[in-house]
Amino acid sequence: MTTALLVAALLMGFFGSPHCLGMCGGLVTAFGLSMKDVSPAKRRALVMTYHLGRLTSYAFLGLIAGLIGITVLEPLMKGNSTPRILLGLVLVFVGMTMLGAPFLNKLERFGMRFWQYLSPLRQKVFPLNTFPRALTAGLLWGFLPCGLVYGALLIAVVAHNPLSGAALMFVFGLGTVPMLVATHETVGWLREKIGRFRLRQLNGSVMVLSGLAVVFVPIAMSSMHGGHSGGHAQMEHSSHSAMVSDADTAPSHDMSQMSHNITPKMDHSMHDMNDSPASMHHSQ
């Protein structure tokens, strides 16, 4: 798992936190009302405690998602580009969800049934005036159905590593903390800034583009490299053919030159031998 993936999870949690506030705002209000009789210092400690419980649940879910990835997907991913392509598609899917596509609405409705099943247990943690109760409340809160959480879990699945999935979900949860612990005034300011600059949509667009790049850039690079290799091989083949041709013609050229040089010498020697008897007779 790369640092870029962790940063993407953190930004996903932060820029998606207005959605979290809409989903969890009533629960946060109920927690606050149950702590009205405790001191401000203890109240802050209790708030941090139930957020720690929530992030622990996210990490646990990420661990399960990573186990699913390594047991179900890993056998299908050996020796091919499936992990990269699957990660890219999941990033595109999550980015489209952040842009407003209702892909995960049905999954949220299914999760709501489990949340209602936990209702008797949730009632037992109130009031949140002790740390064990606050921690238990946070652990239960982590199972609140949320499309943004499910999107992060999909990324944890394709990480196909349990520890990476747990770390990714924990970091995602960290991104949601500022919005959920801020005061009313700060919450309004954060929501206004994120809405004004369309930061959630911007982050969703970045995730979509990142997913497309993960899928298609290596394919394009491989295609370019293959074309370059083919051209290089053709140049080497042409060079080799030229060398063979030179090797074939060089001996015949050399033999022709040798024949040209030897023939006059042989003719000249034969002429001298023919003239020798005449010279000897004249001298006698």
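Residues numbered from 1 in each chain as written. Predicted model: local features only at pLDDT ≥ 70, side-chain atom pairs only at ≥ 80, totals over all residues. Heavy atoms only, no water.

> How should I be thinking about the overall build of the protein chain in this particular structure?
Secondary structure summary: the protein chain contains eleven helices and zero strands in total. Listed N to C, the secondary structure of the protein chain is α-α-α-α-α-α-α-α-α-α-α in terms of helices and strands. Counting the 284 residues in the protein chain, one finds 35% classified as buried. Total accessible area computed for the protein chain in this model is approximately 17,000 Å², and 68% of it derives from carbon and sulfur atoms. (Helix = DSSP H or I, 4+ residues; strand = E, 2+ residues; numbered from the N terminus. Buried < 20%, exposed > 50% of the residue type's maximum accessible area, 1.4 Å probe, protein only. Areas by Shrake-Rupley, 256 points an atom, 1.4 Å probe, with all protein chains shown as cover.)

> Looking at this structure, how should I read helix H1 (residues 3–15)?
Since the α-helix packs 3.6 residues into each turn, any two residues three or four apart lie on the same face. Taking 1.5 Å as the rise per residue, H1 with 13 residues should run 18 Å; its terminal C-alpha atoms sit 18 Å apart, in good agreement. Within the sequence span of H1, burial applies to Leu-5, Ala-9, Met-12, Gly-13 and Phe-15. (Expected span 1.5 Å × (residues − 1).)

> Which parts of the structure should I look at to understand helix H2 (residues 17–34)?
Cys-24 marks the point of greatest bend in H2, at about 60°. Regarding H2, the residues found buried are Ser-17, Pro-18, Cys-20, Leu-21, Cys-24, Gly-25, Leu-27, Val-28, Phe-31, Gly-32 and Ser-34. (Bend = angle between axes of the 7 residues up to and from the residue.)

> Whenever I open this one, the nonpolar core confuses me. Can you help?
In summary, soluble globular proteins display a tendency toward joint burial of nonpolar side chains. Core analysis: the biggest nonpolar cluster contains 29 residues, and Met-12, Ile-155, Met-169 and Phe-172 have the highest contact counts within it. At the level of secondary structure, the elements contributing two or more residues to this core comprise H1, helix H3 (40–73), helix H4 (82–98), helix H8 (147–158) and helix H9 (162–181). Broken down by element, the residue count for this core peaks at nine residues, all from H8. Setting aside residues no more than four positions away along its own chain, Met-169 makes contact with Tyr-58, Ala-59, Gly-62, Val-149, Ala-152, Leu-153 and Ala-156. (Core = buried A, V, L, I, M, F, W, Y, C linked by side-chain atoms within 4.5 Å. Contact = heavy atoms within 4.5 Å.)

> Teacher, can you tell me more about the pattern of salt bridges here?
Tallied over the entire structure, the rule returns one salt bridge. Taking the shortest distance from any N to any O, the salt bridge between Glu-192 and Arg-196 comes out at 2.4 Å. Residue Glu-192 and its partner Arg-196 are both found in helix H10 (residues 184–196); the two are separated by four residues, about one turn of the helix. Exposure remark for Glu-192: the relative accessible area of 36% places this residue in the partly exposed category. On the basis of relative accessible area, Arg-196 is assigned to the exposed category, the value being 52%. (Salt bridge = Lys/Arg side-chain N within 4 Å of Asp/Glu carboxyl O.)

> Where do I start with a nonpolar patch on the surface in this structure?
Among the surface-exposed residues, Leu-10, Leu-52, Leu-135, Leu-139, Phe-170 and Leu-174 lie close enough to one another that they form a single nonpolar patch of about 450 Å² accessible area. Secondary structure elements with two or more residues in the nonpolar patch: helix H7 (131–141) and H9. Note on placement: Leu-174 falls in helix H9. (Patch = residues over 30% accessible without salt bridge, like charges linked within 9 Å, V, L, I, M, F, W, Y side chains within 5 Å.)

> Would you explain the packing of H1 against H9 in this entry?
A packed helix pair is summarised by two numbers, namely the angle formed by the two axes and the spacing between the axes. At a minimum axis distance of 6 Å, the contact between H1 and H9 shows a crossing angle of 35°. H1 and H9 meet at a crossing whose hand is right-handed. Contact with H1, carried on its side by Leu-5, Leu-6, Ala-9, Leu-10, Met-12, Gly-13 and Phe-14, involves Ala-167, Leu-168, Val-171, Phe-172, Leu-174, Gly-175, Thr-176 and Pro-178 of H9 and no other residues of that element. The residue makeup of the contact of H1 with H9, split by class, is twelve nonpolar, three polar and no charged. (Axes fitted to C-alpha atoms, helices over the stretch in contact; angles between N-to-C directions. Left-handed = near helix turned anticlockwise from the far one by under 90°. Nonpolar A, V, L, I, M, F, W, Y, C, P; charged D, E, K, R; others polar.)

> Can you help me understand the packing of H3 against H9 in this one?
Remark: H3 packs on H9, axes separated minimally by 7 Å, with the N-to-C direction vectors making an angle of 150°. With respect to their mutual orientation, H3 and H9 come out roughly antiparallel. Crossing hand, H3 versus H9: right-handed. Looking at the contact of H3 with H9 residue by residue, the class counts come to 18 nonpolar, six polar and one charged. (Parallel < 35°, antiparallel > 145°, perpendicular 65-115°, else oblique.)

> What's the story with the packing of aromatic side chains in this structure? I'm lost.
Given two aromatic rings, their pairing is described by the distance between the two centres and the angle made by the two planes. If you walk through the whole model with that rule in mind, you get eight aromatic pairs. Here Phe-14 and Phe-15 contribute two aromatic rings whose centre-to-centre distance is 5.3 Å and whose plane-to-plane angle is 70°, an arrangement assigned as edge-to-face. According to the relative accessible area criterion, Phe-14 is partly exposed, its value standing at 26%. The class of Phe-15 is buried, set by a relative accessible area of 15%. (Phe/Tyr/Trp six-rings, centres within 6.5 Å; stacked < 30°, edge-to-face > 60°.)

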